[in-house]
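Here's the letter readout for the chains.
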Amino acid sequence: MFKYTMIDEKMEFTERMKAVKANIHTRLRKRGQREGTHLEIISSDHRDPFTDVFEANPDAPYVINLAKSIVKSWVDMPCVIYPHEAIVGITRPVTPVMEHFSWGIVFEDWVYREKEYTQEDKARVDALRKKMTPMSHGYMDNCGRERWGELYNKVCNEDMFWAGGYQGHTIPNYVTLLENGLDGMLQKIDFWAKLNAKDQDTADFYEANRIIVRGMSEHMQKYADHAAALYETEEDPVQKQYYKQIAENCAHIAHKKPQTLYQAVQLTWCLSLWDWVDCLGRMDQYFLPFYNYSCEHGDVIPVEESVTSMIFKIWEGGAHNVTLSGCKTHDGSDATNDITFLILQVLRNIHDTHPRICVRIREDVNPELMNLIVKIWSEGMSDPSIISDTLVIPGLQRINVPIQDARDFATLGCQEIEIPGKSNTGCEDGSFNVAKVFEIAMRGGKATTDPDYQLGPVTKSFLECETFEEFYDSFAKQLEFFTEMHTWLCSRGQECRAANHAKLVKGVFTDGVLETGRNHDDGGPVYGYGVIETAGIAAVADSMTAIKKLVFDEKKITKEKLVEMLAADFNGYEKERQLLLNGAPKFGNDDPDADEMAVRVLNTYWDEIAKYKSVRGGVYTGACSLLEGGISYGHSTGALPDGRHKGEPLGNTMGPRPGADHNGVTAMLSSVSKLPLYKGVGGTTLNVILTTKMTSTPEQRDNIAAIVKNYMASGGQMAQITTANVEDLIDAKVHPERHGDLIVRVGGYSIQFVQLGSNTQDEIISRYAAG
């Protein structure tokens, strides 16, 4: 019997946590600012720790200076302890130079315009830029031009793909941290250094790891000392006791491994801070031993306050993802526990876009868990998202992940998938617009921006094809050519990150890095498969279906007329456009022909990317969590034979093109579940609209739970929910001041609807066309 399963009422916080929550609300920033993880509420005071270190040590190895700079950026920052809080530590203020796990050292040049820095400060940075960036952004472009010459520039003009894109999110091994503590991590580094440090570069790498861990200890000890000093001067007896708790807690975890939940949460938050409050993995699993210990032996603060404090910190800090439930790694049994429910209850009470949470769903999902999830949706939340153990675990095994590790998967970033603490999966290596390749195939490989230029291989143009299969073959050949180019470029982007030691902090706590002496971006982690975000599948599939049915089979539209219509963006051809829209079935309506075509198109692309390996060592896998990428790719994609106008959105998830599904949510889920999503273990999101009107009664919620469970058991991978009613969305565009708490889902993250741009708002409203 689990605790914290209440449905009819929200969990009430303790008086201490109520005070912490109220205090957070006074300083809470918008979603985008939180996810940027720069703190702007304290002055940076002209500080520039990276420039200071590199300037003072001009002959030191890059990786040593990088480690020292990271440490200095944390330990030189003032300690801030807010009233009533139990867990301490804040994100860093923005400075002109910082490290980031997606690149290495980055230069925040905008601070010279908006902060107190001077041009003299900028001159110091400019003099050191080359030393701070072993490999620049231009490396990938130079490689592309060297291999393909003018062709590379022409391809870039097409806006077909984003290569070497983010390559950032990964989940550190919080289990390793909690089992060893910081002093234990130093011993671990020393052990592997003795075995592997055979040359100076490798020795420097291990020393950089030591510098990072020692810096984390110093950071926590500094907070312990600060809390102890505040204790001496505080007059309020309650707050005085809080400072004492913080001082003792931080002093313990500065060196020793945690024993209680309070200690484990503070140490976890310390690493999360140093990891840019990125992704925290299976929090209900790695906290469970400490929760059980504190429940049995007692703790300085109640277990509810420890967990709530952690969730409050990642709410304010903008963490990208936490994963709950799923199965146990050793036997596959249900891993749901008290912490699973407790975290969801805290999320429910906060009612905001953060923390971003994903719950793993099994075929025998705990009924109380499913009821709580649907209840949270019914209250207007877009979190938690859900993901299927039934599909993902075998999909990971298919790419040679052993069963016990596959059972341990977690979501990260904007709903990508990896094995926590053991992976660098690119997240994401890049994104690819399949609809742009379709356009080029229509032209026989000619560019869309320069119609006389042969961009891809010479194939039959649409006008030259006598059969549908001839045209599909042309499309497949173009896809082969540009996929090889894209994946090759993605590996060049990875080489930049490796040279720049982009994930130095993450690597200390990632299996394989210390054991091999290879950095996180240079093949150190156990798993290195790749992730390519996929755009335009539904639009291409519907276009293929329309061509096959209306041009080649029924001959209701000639090839010549279709080409004219597309060139004119249907201006003067509205009758024919309506035939394309309504005379051929569309993916998302449980139509066998339309769905079969979508399966074929997706298989064609994902089978093609699987032919290539990332420079990290693993094969490329499919994914689809495009944020607003489906909108931006749509801007540069012309009119298509599915009836879509030039510039209209392509969709941000694996679902139908916005507005194309008309048969309700069950039919849409049935269509998506037919796709080969087991090949997309990079993470494939799906926007699902379940309005509050559809979930207002217990009977309706039971029905929704049954529909969602069936989808997850029959081929679905993920679902992310928008519960807003369309009438409220439309009114929010006109009267944003009335709808500040209206939350929607955008291809991988939640956000208040009124914070979105007009184009994105329109795309979300268009999803309701099926209703």
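Residues numbered from 1 in each chain as written. Predicted model: local features only at pLDDT ≥ 70, side-chain atom pairs only at ≥ 80, totals over all residues. Heavy atoms only, no water.

Caption draft 1: Looking closely at the overall build of the protein chain. Tallying secondary structure elements over the protein chain gives 33 helices and 15 strands in all. Against the globule reference of 28 Å for 771 residues, the protein chain gives a C-alpha radius of gyration of 26 Å, in line with a compact fold. Summarising its shape, the C-alpha atoms of the protein chain cover approximately 85 × 65 × 50 Å along the three principal directions. The proportion of buried residues among the 771 residues of the protein chain is 63%. (Helix = DSSP H or I, 4+ residues; strand = E, 2+ residues; numbered from the N terminus. Rg over C-alpha atoms; globule rule 2.2 N^0.38 Å. Buried < 20%, exposed > 50% of the residue type's maximum accessible area, 1.4 Å probe, protein only.)

Caption draft 2: Spotlight on empty space enclosed by the protein. Using the criterion set out here, one finds six cavities of 30 Å³ or more in the structure. If you add up the space inside the second largest cavity, you get close to 80 Å³. As for the second largest cavity, its lining consists of 13 residues, and the residues nearest its centre are I537, A538, T653, M654 and G655. Sorting the residues of the lining of the second largest cavity by element identifies strand 10 (530–535) and helix 25 (537–553) as the ones contributing at least two each. (1 Å grid on protein atoms, 1.4 Å probe; cavity = no way out; pocket = protein on both sides within 12 Å on 5 of 7 lines; lining within 4 Å. Points joined across faces, edges and corners; volume = space filled by probe spheres on them.)

Caption draft 3: Geometry of the sheet that holds strand 9 (residues 430–433). Taking strand neighbours across the sheet as the criterion, the four strands line up as 3-9-10-11 in an open arrangement whose pairing is mixed. A single partner strand is all that each edge strand has here, and the edge strands are strand 3 (161–163) and strand 11 (620–623). Mean inter-strand twist for the sheet, computed between neighbouring axes without regard to direction, equals 30°. (Pairing = 2+ DSSP bridges. Axes fitted to C-alpha atoms, helices over the stretch in contact; angles between N-to-C directions.)

Caption draft 4: Region of the structure containing the pairing of strand 10. Strand 10 sits mainly inside the fold: six of its six residues count as buried. Because side chains alternate across strand 10, one face comprises the buried residues G530, I532 and T534, and the other comprises V531, E533 and A535, equally buried. Where strand 9 meets strand 10, four bridges bridge the pair, whose relative direction is parallel. Counterpart to F432 in the pairing with strand 10 is T534. Here four bridges tie strand 10 to strand 11, and the two strands are oriented parallel to one another. Looking across to strand 11, one finds that I532 is bridged to G622.

Caption draft 5: Structural context of the nonpolar core. With 220 residues, the main nonpolar core has L396 and F475 as its most contacted residues. If we skip the residues at most four places from it in the chain, L396 touches V401, A406, F409, I417, I419, Y529 and V681. Listed in part, the eleven residues of the second largest apolar core include A732, L742, I751 and I764. (Core = buried A, V, L, I, M, F, W, Y, C linked by side-chain atoms within 4.5 Å. Contact = heavy atoms within 4.5 Å.)

Caption draft 6: Just the pattern of salt bridges, in detail. In this structure the tally under the stated criterion is 47 salt bridges. Here R92 makes a salt bridge to E99, at a shortest N to O gap of 3.0 Å. Judged by its relative accessible area of 4%, R92 is buried. Here E99 falls in the buried class, since its relative accessible area comes to 5%. (Salt bridge = Lys/Arg side-chain N within 4 Å of Asp/Glu carboxyl O.)

Caption draft 7: Structural detail: the environment of E108. Among the structural elements, E108 can be located in the loop between strand 2 (104–107) and helix 5 (111–114). Using a relative accessible area of 14% as the deciding quantity, one classes E108 as buried. Within the structure, the side chain of E108 is placed 2.9 Å from the side chain of W110, a separation counted as a polar contact. (Polar contact = N/O pair within 3.5 Å; in protein donor to acceptor, adjacent residues only side chain to side chain.)

Caption draft 8: Just the packing of aromatic side chains, in detail. Under the criterion given, the structure shown has 21 aromatic pairs. Taken together, a centroid distance of 5.6 Å and an interplanar angle of 65° make the contact between Y472 and F475 edge-to-face. With Y472 and F475 both in helix 22 (residues 468–499) and three residues apart, this pair spans about one turn of that helix. In terms of burial, Y472 and F475 fall into one category: buried. An aromatic cluster of at least three residues, connected via ring pairs, comprises F438, F462, F468, F471, Y472, F475 and F552. The positively charged end of R27 is found above the aromatic ring belonging to Y82, 3.4 Å away from the centroid. For the cation-ring pair, R492 lies above W488, with the distance from its terminal atom to the ring centre recorded as 4.6 Å. (Phe/Tyr/Trp six-rings, centres within 6.5 Å; stacked < 30°, edge-to-face > 60°. Lys NZ or Arg CZ within 6 Å of the ring centre and 35° of its normal.)

Caption draft 9: Examining the side chain of S614 more closely. Looking at the element boundaries, S614 is found in the loop between helix 28 (592–609) and strand 11. Beyond its immediate sequence surroundings of up to four residues, S614 is in contact with S491, G528 and Y620.

Caption draft 10: The arrangement of the packing of helix 17 (residues 338–350) against helix 18 (residues 367–378) in detail. Contact geometry for helix 17 and helix 18: axes closest at 11 Å, N-to-C directions at 10°. Considering the angle they form, helix 17 stands roughly parallel to helix 18. From helix 17, T340, F341, L344, Q345 and R348 reach across to helix 18, where they touch E368, L369, L372, I373, K375 and I376. Here the contact of helix 17 with helix 18 is built from residues that sort into six nonpolar, two polar and three charged. (Parallel < 35°, antiparallel > 145°, perpendicular 65-115°, else oblique. Nonpolar A, V, L, I, M, F, W, Y, C, P; charged D, E, K, R; others polar.)

Caption draft 11: Representation of the side chain of N65 in the model. By secondary structure assignment, the location of N65 is in helix 4 (residues 62–75). Apart from residues no more than four positions distant in its own chain, N65 is found in contact with V53, F54, N57 and A60.

Caption draft 12: Representation of the sheet that holds strand 5 (residues 357–361) within the structure. As summarised here, the arrangement of the five strands in space is 4-5-6-13-12, forming an open sheet in which the pairing is mixed. This sheet does not close on itself; its edge strands, each paired only once, are strand 4 (322–325) and strand 12 (687–689). Across the sheet, the axes of successive neighbouring strands diverge by a mean angle of 30°, strand direction being ignored. Strand direction decides the pairing type here: strand 5 and strand 6 (residues 385–388), joined by four bridges, are parallel. Bridged to I361 within strand 6 is S388. Relative to strand 5, helix 18 is tilted by about 145°, and along the sheet it contacts strand 4, strand 5, strand 6 and strand 13 (718–722). With respect to the sheet, helix 31 (residues 698–713) is in contact with strand 5, strand 6 and strand 13, its orientation differing from that of strand 6 by roughly 40°.

Caption draft 13: View of unusual backbone geometry. That bond from D383 to P384 is cis: its omega, 0°, falls within 30 degrees of zero. Inspection of the secondary structure assignment puts P384 in the loop between helix 18 and strand 6. A cis amide bond links C427 to the next residue, E428, at an omega of -10°. Relative to the assigned elements, E428 resides in the loop between strand 8 (416–418) and strand 9. Although it is not a glycine, D159 adopts a positive phi angle of roughly 55°. Topologically, D159 is positioned in the loop between helix 9 (150–157) and strand 3. Residues other than glycine seldom take positive phi values, yet V277 does so here, at roughly 45°. If you trace the backbone, V277 turns up in the loop between helix 13 (261–274) and helix 14 (283–286). V277 gets classed as buried once you look at its relative accessible area, which sits at 0%.

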